[in-house]
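Structural overview for review
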Amino acid sequence: MATASAVAVNGLKLGTTSQAYLESKAVNDTRALLSDLCRQFYNLGWVSGTGGSITIKVHDDSIPRSQQLVLMSPSGVQKERMVPEDMYVLSPNGSILSAPSPKPYPHKPPKCSDCGPLFMKAYEMRDAGAVIHSHGIESCLVTMLNPLAKEFRITHMEMIKGIKGHGYYDELVVPIIENTAYEYELTESLAKAIEAYPKTTAVLVRNHGIYVWGDSWISAKTQAECYHYLFDAAMKLNQLGLDWTTPNHGPIQNTKGISGSCGNRNISVKAGTADSNHKYEPSQRCVVLDIEGTTTPISFVSDVLFPYARDNVGRHLLATYETAETQDDIKLLRSQVEDDLEKGVNGAVPIPSDGVGKEEVVAALVANVAAMIKADRKITALKQLQGHIWRTGYENNELEGVVFEDVPEALERWHNLGIKVYIYSSGSRLAQRLIFGKTNYGDLRKYLSGFFDTTVGNKRETRSYVEIAESVGVDKPSEILFVTDVLQEAVAAKAAGLEVIISLRPGNAPLPDSHGFKTINSFSEI
C-alpha cells in the first residue's frame, strides 16, 4: 500500500493523516467489508465488467460522520476479485490519504473510482454513511421506459417500505438525470437532482445505472436492493400492460384522444369548462385535497381527534416511553418547547431532563401538548405525536375516520379517469393515512396516490405548493387542482400557479365577499 504525495488524481486531492489510524482496526474492517460487498454486488449483476462502485465511511462513534474517513473502491478493476488492500482511503473532503500498490501485468495501474466526485456530493449534501453506484440492468432499462421522463414513479408496492421515509401507500419518486461520456461530468446534474428532491435517497442515470446512499452501509445496501426490485417490478408490469404508477396497478390507459402525462403514463382530462349545471370539469391532471373542512367535517377534527389525543397523550407516552419512536417524538417536542420558551409562547413550560424520572418528563410534555392543541398549532412536533396516538385509537377501534358523503364517489370517479389524487394536510402523513384507511365508507386509500404534510412546508406559504408541484410529476403547476377551505392556503397555492377551488362545508369559517375564488359545496360539482 502506498501513501501518495500531494497531487490531484481523478478530480480528488491527495493528503496526509496518521499512518497508525490508516492501519487501525476500524479502517481494516471497512476495507474487508468493501471487498465482501463488491463480491456480493458482482453476483447480483451490479458491478460486472469493472463497472459500478461503492464507498463507505469508517464508522467511529467518537467522530462526527461528516469528519469520518472515506473508503472507496478503485476504478476499472474486477470487482469480484478485489482484496481489502485494493481500497483507497480518503479524507472527509476527498483528499486521497492511502492508495493501493500497483500490480503486475495484466492489471492496470491503480486508479480511484471515477465515481469519486459524485460520491463526495452525496456525502456532502446528505451526510451519507455509504454510497453505492450500480450498473444493474434493472436500473438501466427502467430509465428507457419513457425516454422523456425526468422521474421514475411507483406506488402501492410492499418493497417501497424499504426506502427511507416511505410506506406502502406512498408514491416513490426517483429523479432521472441524463448520461454523459465521462462519469465525473455527471457531478453537477447529480447535485442539482439531490437539491431538487430533498427526500430522495437515489438518483437514476439514464441508460447507465443508479446512485443510492444511506446513513450506513446497511441502509444503502437495503435501499439499493429495494430499488432494483421495484425497477424490475415496473418493467414486468409494463410488459403485462399494467400501470405501476397507480394504486390498483390497472391497465395502462392509452385511449384515443389522450394527451399529456402524469407520472409515466398518459391520461385524458377535458379542458376546464362549466356545464349547464355549473359543474366544473377540471383540465388538471392531479388533484390535491385538504382534509379538515374539505373532505372531512371540522367538527370531527376539533371534537373527536383533538380531544382523543389530548386525553390520551399521558397514557401513550408512559406506555411507550422507552421505544425509539416515542423517544424521537420527545426529542422533537423538547426542541419545539425550547424554541417556544425563548419566544415566550403562551402555555410553554420547561421539560425536565430524563434523569428526574419519566413521570415528571411526561407530566411536562402533557402540559405542553395540551397548550399546543388548544392553540391549534400546525407544527411537526405536535402532529407527529398526535399521529402515533391516533394510530392506537384506530387499532383499538376507538376511532373511525369521517368523510363527507360525496367524497368516496368523487375519489373513485377521479381514479377511474386516471387523475391522481393527493392529500395535503397539517396532520402528519400517518394521521392522514389513518383517517382515509378506516372511514365511515371503508378504506379509501386505494384511490390516493400520496400524502403531503408540513414537512414540505407551511400550508400558507407559496413555497410549499411549489415543492408539491415539483413532486407530483406535472409539466406546470396549473395542471394541479387544489381544494381547500382556508382562504390563506388558496392564496398561497394560486401564487404558486395551481388552480384553486374553495370548499364551502358546514362549520367552515365564512369567506370575505371579494375573495375571488371559485367555490363548491360538494365534490360532485367538480
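Residues numbered from 1 in each chain as written. Predicted model: local features only at pLDDT ≥ 70, side-chain atom pairs only at ≥ 80, totals over all residues. Heavy atoms only, no water.

1. Remarks on the overall build of the chain
Stated precisely, the cut-off is as follows: Here a helix means four or more residues in a row that DSSP labels H or I, a strand means two or more in a row labelled E, and each is numbered from the N terminus. Our radius of gyration looks at C-alpha atoms and nothing else; its globule reference is 2.2 Å times the residue count to the power 0.38. When a residue's accessible area, from a 1.4 Å probe over protein chains only, is under 20% of the maximum for its type it is buried; when over 50% it is exposed; and in between it is partly exposed. The contact criterion used throughout is that any non-hydrogen atoms of two residues lie within 4.5 Å. The accessible surface values rely on the Shrake-Rupley method and a 1.4 Å probe; as for residues, cover is taken only from the protein chains in view. For the charge count, each Lys or Arg is scored as positive and each Asp or Glu as negative, with His and the chain ends excluded. The atom standing in for a charge is NZ when the residue is Lys, CZ when it is Arg, CG when it is Asp and CD when it is Glu.
Scanning the chain from N- to C-terminus turns up 14 helices and 19 strands. Taking 24 Å as the expected radius of gyration for a compact globule of 526 residues, we find that the chain reaches 26 Å, a close match to that expectation. By principal-axis analysis of the C-alpha atoms, the chain measures approximately 80 × 70 × 40 Å. Taken over 526 residues, the chain has a buried fraction of 53%. Considering only contacts in the chain between residues 6 or more positions apart, those separated by 24 or more positions represent 65%. On the chain, roughly 23,400 Å² of surface is accessible, and the fraction owed to carbon and sulfur atoms is 52%. Once the 52 positive and 62 negative side-chain charges of the chain are each reduced to a mean point, those two points are 4 Å apart.

2. Some words on the side chain of T295
Counting through the fold element by element, T295 comes out in the loop between β14 (286-289) and α7 (298-320). Note on T295: relative accessible area 0%, which makes it buried. Once you skip the residues sitting within four places of it in the chain, T295 turns out to touch L289, D290, V402, V403, F404, V407, F436 and F523.

3. Remarks on the UniProt feature "binding site: substrate 1" (unreviewed entry) in the chain
We count it as follows: UniProt positions are given in the numbering used here, feature names are shortened, and annotations may be inferred rather than shown by experiment.
Taking the numbering used here, the UniProt-annotated feature "binding site: substrate 1" (unreviewed entry) corresponds to C115. By the secondary structure assignment, C115 is in the loop between β6 (96-98) and α3 (116-126). With near-sequence residues (within four places) excluded, C115 lies in contact with S53, H133, E183 and Y211.

4. Thoughts on the sheet that holds strand β5 (residues 88-90)
Going by this rule: Here the rule is simple: two strands pair whenever DSSP picks up at least two bridges between them. For helices, the fitted line uses only the C-alpha atoms of the stretch in contact; every axis is such a line through C-alpha atoms, and the angle between N-to-C directions lies from 0 to 180 degrees.
Judged by pairing direction, the sheet is mixed, and its nine strands sit side by side in the order β6-β5-β4-β3-β7-β11-β10-β9-β8 without closing on themselves. A strand with exactly one partner marks an edge of an open sheet, and here the two such strands are β6 and β8 (151-155). Recorded for the sheet is a direction-independent mean angle of 25° between the axes of neighbouring strands. Two elements, strand β3 (residues 53-57) and strand β7 (residues 130-134), share four bridges in a ladder whose sense is antiparallel. Its bridge partner lying in β7, T55 is registered against V131. Contacting β9 (171-177), β10 (202-205) and β11 (209-214), helix α5 (residues 187-196) runs over the sheet at an angle of about 155° to β9.

5. As for the environment of E151
The line we're drawing: Under this definition, polar contacts are N or O atom pairs within 3.5 Å; protein pairs additionally need one hydrogen-donor-capable and one acceptor-capable atom, and for neighbouring residues in sequence, both atoms have to be side-chain atoms.
As for its position among the elements, E151 is in strand β8. Exposure remark for E151: the relative accessible area of 10% places this residue in the buried category. A polar side-chain atom of E151 sits 2.7 Å from a polar atom in the side chain of R153.

6. As for the sheet that holds β14
Ordered by their spatial adjacency, six strands build an open sheet running β16-β15-β14-β17-β18-β19, and the pairing between neighbours is parallel. Looking at which strands have only one partner, the edges of the open sheet turn out to be β16 (450-452) and β19 (518-520). For this sheet, the mean angle separating the axes of adjacent strands, direction not counted, is 25°. Here strand β17 (residues 480-484) runs beside strand β18 (residues 499-503); their pairing, made up of four bridges, is parallel.

7. Details of unusual backbone geometry
Glycine aside, the phi torsion of most residues is negative, and most peptide linkages are trans. Omega for the bond connecting Y105 with P106 falls within 30 degrees of zero, at 15°, which places this linkage in the cis form. Note that P106 resides in the loop between β6 and α3. In the Ramachandran plot, T50 falls in the positive-phi region, its phi being about 70° despite a non-glycine side chain. The exposure class assigned to T50 is partly exposed, which follows from its relative accessible area of 25%. In this structure, N207 takes a positive phi of about 60° despite not being glycine. With respect to the helices, strands and loops of the structure, N207 is situated in the loop between β10 and β11. Exposure remark for N207: the relative accessible area of 44% places this residue in the partly exposed category.

8. Section: the domain arrangement of the chain
Applicable threshold: Each domain's extent is set by a domain assignment, obtained either automatically or from a database. Once two parts are brought into contact, the accessible area they lose, counted with a 1.4 Å probe and summed over both, makes up the buried area. Definition used for salt bridges: Asp or Glu carboxyl oxygen within 4 Å of a side-chain nitrogen of Lys or Arg.
Domain assignment breaks the chain into domain 1 (19-240), domain 2 (286-293 + 402-525) and domain 3 (299-396). For domain 1 and domain 2, the distance between their C-alpha centres works out to 37 Å. For the pair domain 1 and domain 2, the summed buried area comes to about 1,100 Å², and 37% of that belongs to carbon and sulfur atoms. Among the residues of domain 1 in contact with domain 2, Y169, E171 and K199 are the three that bury the most area, contributing 48% of the side total. Run the count over domain 1 and domain 2 and you get three salt bridges. Of the charged contacts, one joins R429 and D170 as a salt bridge, the two residues approaching to 3.6 Å between their closest N and O atoms. Summed over the shared surface of domain 1 and domain 2, the result is six residue pairs in polar contact (both at pLDDT 80 or more). Listing elements by their share of the side of domain 1 that touches domain 2, those giving two or more residues are β8 and β9. Broken down by element, the side of domain 1 that touches domain 2 gets its largest block of residues, three residues, from β8.

9. Side note on the packing of aromatic side chains
To keep it simple, the criterion reads: Two rings belonging to Phe, Tyr or Trp (six-membered ring only in the last case) form a pair when the distance between their centres is within 6.5 Å. Interplanar angles under 30 degrees mark stacking, angles over 60 mark edge-to-face geometry, and anything in between is tilted. Should the NZ of a Lys or the CZ of an Arg lie within 6 Å of a ring centre and within 35 degrees of the ring normal, that charge is described as sitting over the ring.
All chains considered together, the criterion is met by 11 aromatic pairs. Centre to centre, the rings of W414 and F523 are 5.7 Å apart; their planes meet at 40°, and the pair counts as tilted. Placement of the pair is W414 in helix α11 (residues 407-417) and F523 in the segment after β19, with a sequence separation of 109 residues. A single burial state applies to W414 and to F523, both of which are buried. Between the aromatic rings of Y424 and Y465, the centroid separation amounts to 5.4 Å while the plane-to-plane angle is 80°, which identifies the pairing as edge-to-face. In this pair, Y424 sits in strand β15 (residues 420-424) while Y465 sits in helix α13 (residues 462-471), placing the two residues 41 residues apart along the sequence. Of the two residues examined, Y424 and Y465, each falls in the buried class. In textbook terms, an aromatic cluster arises when at least three aromatic residues are bridged by ring pairs, as seen for F152, Y227 and F231. Over the ring of F517 we find K494, and its NZ or CZ is 5.4 Å from the ring centre. Between R505 and the ring centre of F523, over which it is positioned, the NZ or CZ distance is 5.1 Å.

10. Digging into α13
Here α13 has its buried residues at S464, Y465, E467, I468, A469 and S471. Following α13 by one or two positions, G473 has its phi on the positive side, about 80°.

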